[in-house]
Amino acid sequence: MSARLDRTPLPRSFFDRPVLTVAPDLLGRTLVRRTEEGPLELRITEVEAYEGESDPGSHAYRGRTARNASMFGPPGHAYVYFIYGMWFSLNLVCGPPGHASGVLLRAGEITTGAELAAKRRLSARSPRELAKGPARLATALDVDRSLDGTDLCGGTDSPLSLLTGTPTSPDLVSSGPRTGVGGAGANHPYRFWITHDPTVSPYRAHAPRRRST
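Residues numbered from 1 in each chain as written. Predicted model: local features only at pLDDT ≥ 70, side-chain atom pairs only at ≥ 80, totals over all residues. Heavy atoms only, no water.

- With an unreviewed UniProt entry as reference, the protein is termed Putative 3-methyladenine DNA glycosylase, source organism Streptomyces erythrochromogenes.
- Per UniProt, the protein has the following entry under Sequence similarities (unreviewed entry): "Belongs to the DNA glycosylase MPG family." (UniProt positions renumbered as here; feature names shortened; annotations may be inferred.)

## Focus on the environment of glutamate 36
Item 1. Assignment of secondary structure puts glutamate 36 in the loop between β2 (30–35) and β3 (38–50).
Item 2. When the C-alpha positions of glutamate 36 and proline 159 are compared, they lie 9.7 Å apart, and in sequence the two are 123 residues distant. (Helix = DSSP H or I, 4+ residues; strand = E, 2+ residues; numbered from the N terminus.)

## Points about the pairing of strand β8 (residues 173–176)
Strand residues, when the strand is regular, have side chains that alternate between the two faces of the sheet.
Item 1. Here β8 shows one buried face, formed by Ser174 and Gly176, and one open face, formed by Val173 and Ser175.
Item 2. Pairing analysis gives four bridges linking β8 to strand β9 (residues 191–194), with the strands arranged antiparallel. Across the sheet, residue valine 173 finds its bridge partner in β9, namely isoleucine 194. (Buried < 20%, exposed > 50% of the residue type's maximum accessible area, 1.4 Å probe, protein only. Pairing = 2+ DSSP bridges.)

## What to know about a nonpolar patch on the surface
Item 1. Together, Tyr84, Met86 and Trp87 make up a nonpolar patch on the protein surface, roughly 350 Å² of accessible area in all.
Item 2. With respect to the secondary-structure elements, tryptophan 87 resides in strand β5 (residues 87–93).
Item 3. Exposure remark for tryptophan 87: the relative accessible area of 38% places this residue in the partly exposed category. (Patch = residues over 30% accessible without salt bridge, like charges linked within 9 Å, V, L, I, M, F, W, Y side chains within 5 Å. Areas by Shrake-Rupley, 256 points an atom, 1.4 Å probe, with all protein chains shown as cover. Salt bridge = Lys/Arg side-chain N within 4 Å of Asp/Glu carboxyl O.)

## Overview of the nonpolar core
Item 1. Counting residues in hydrophobic clusters, the biggest one holds 38 residues, and the most contacted among them are Leu26, Leu31, Val47, Leu90, Leu105 and Leu162.
Item 2. For this core, the element with the highest residue contribution is β3, accounting for five residues.
Item 3. Ignoring any residue separated from it by four or fewer positions in sequence, one finds leucine 162 in contact with Thr8, Pro9, Leu10, Phe14, Phe15, Leu26, Arg29, Thr30, Leu31, Ile44, Leu92 and Leu152.
Item 4. Ranked by size, the runner-up nonpolar core spans 10 residues in total, among them Tyr50, Phe72, Tyr79 and Ala100. (Core = buried A, V, L, I, M, F, W, Y, C linked by side-chain atoms within 4.5 Å. Contact = heavy atoms within 4.5 Å.)

## Description of the side chain of glutamate 46
Item 1. If you trace the backbone, glutamate 46 turns up in strand β3.
Item 2. With a relative accessible area of 0%, glutamate 46 lands in the buried category.
Item 3. Polar side-chain contacts of glutamate 46 include one of 2.8 Å to the side chain of serine 201.
Item 4. Beyond its immediate stretch of four places on either side in the chain, glutamate 46 contacts Leu27, Leu104, Leu105, Arg106, Ala107, Arg191, Phe192, Trp193, Val200 and Ser201. (Polar contact = N/O pair within 3.5 Å; in protein donor to acceptor, adjacent residues only side chain to side chain.)

## Considerations on the state of the cysteines
Between two cysteines, a covalent bond joining their sulfur atoms is known as a disulfide.
Item 1. One pass over the structure, following the stated rule, counts zero disulfides.
Item 2. Cysteine 153 provides the cysteine sulfur closest to cysteine 94, a residue in no disulfide bond, and the two sulfurs are 11 Å apart.
Item 3. On the accessibility criterion, cysteine 153 (24% relative accessible area) is partly exposed. (Disulfide = S-S within 2.5 Å.)

## Digging into the pairing of β3
Item 1. Of all 13 residues that make up β3, 11 are buried, and the element is covered over most of its length.
Item 2. Two elements, β2 and β3, share six bridges in a ladder whose sense is antiparallel. Counterpart to arginine 33 in the pairing with β3 is leucine 40.
Item 3. Note that β3 and strand β6 (residues 102–112) share nine bridges and pair antiparallel. When the sheet's bridge partners are listed, isoleucine 44 is paired in β6 with glycine 108.
Item 4. Two elements, β3 and β9, share three bridges in a ladder whose sense is antiparallel. Counted as the bridge partner of valine 47 is phenylalanine 192 from β9.

## Let's talk about the pattern of salt bridges
Item 1. This structure, assessed with the given rule, holds 14 salt bridges.
Item 2. Here aspartate 142 ties to arginine 33 by a salt bridge, and the two come within 3.9 Å at their closest N and O atoms. You can see aspartate 142 sitting in the loop between α4 (134–140) and β7 (160–165) and its partner arginine 33 sitting in strand β2, a full 109 residues away along the chain.
Item 3. Here glutamate 48 and arginine 106 are joined by a salt bridge, their closest N and O atoms 3.7 Å apart. Taken together, the residues glutamate 48 in strand β3 and arginine 106 in strand β6 connect sequence positions 58 residues apart.
Item 4. Judged by its relative accessible area of 1%, glutamate 48 falls in the buried class.

Below you can see the structure in the form of structure tokens.
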């Protein structure tokens with residue numbers, strides 16, 4: 001028998017902790033996305049932590065910019081960025097204001113609104129692929145830069161919020177290097193996922209992009 005889903009909203013204090021504490025604690029939680037077409041809900045199954053200015057793999061490693069400003073807090077807000085000129089990624093901001101850290105949502109299971117997600121993810125071959133990877137997750141949930149800075153603790157008026165859900169037992173959590181991160185941050189074991197969950201994305205090491213001549 002599956003554990004009961006707790007629909008209590010997570011308070012801001014949940015996010016106001018070190019990012020490596022928050023990241024694995026997000027597994028099994030429920031992300032709610034409210035759209036004009038209707039609500040979608042996602043059970044989070046895979047995440048990556050980024051520590052900010054002390055982390056070579058983080059967007060905030062070289063300081064604050066217009067692009068990464070949301071990463072600097074306050075906690076409990078969304079940081080959405082555009083990558084490779086085609087995809088969006090959704091991050092949850094952690095830690096005290098002024099300290100840039102966040103957790104990238106890499107994958108999850110669409111538990112409500114799968115039909116809406118499928119309209120945006122026409123290439124998905126099965127429900128487990130709807131949000132299998134950060135770009136797919138953002139596409140399925142209709143996430144773009146307009147949601148950057150959204151307060152996840154803003155109640156039902158917010159387009160994004162996080163519920164307690166069904167937290168994953170620590171003995172079911174795996175960790176390893178982040179996907180696609182190169183340089184000095186390549187080997188940080190900051191990726192966390194629910195062991196053997198079919199919605200978790202495959203690990204891929206960083207492959208340097210070739211410059212066109």
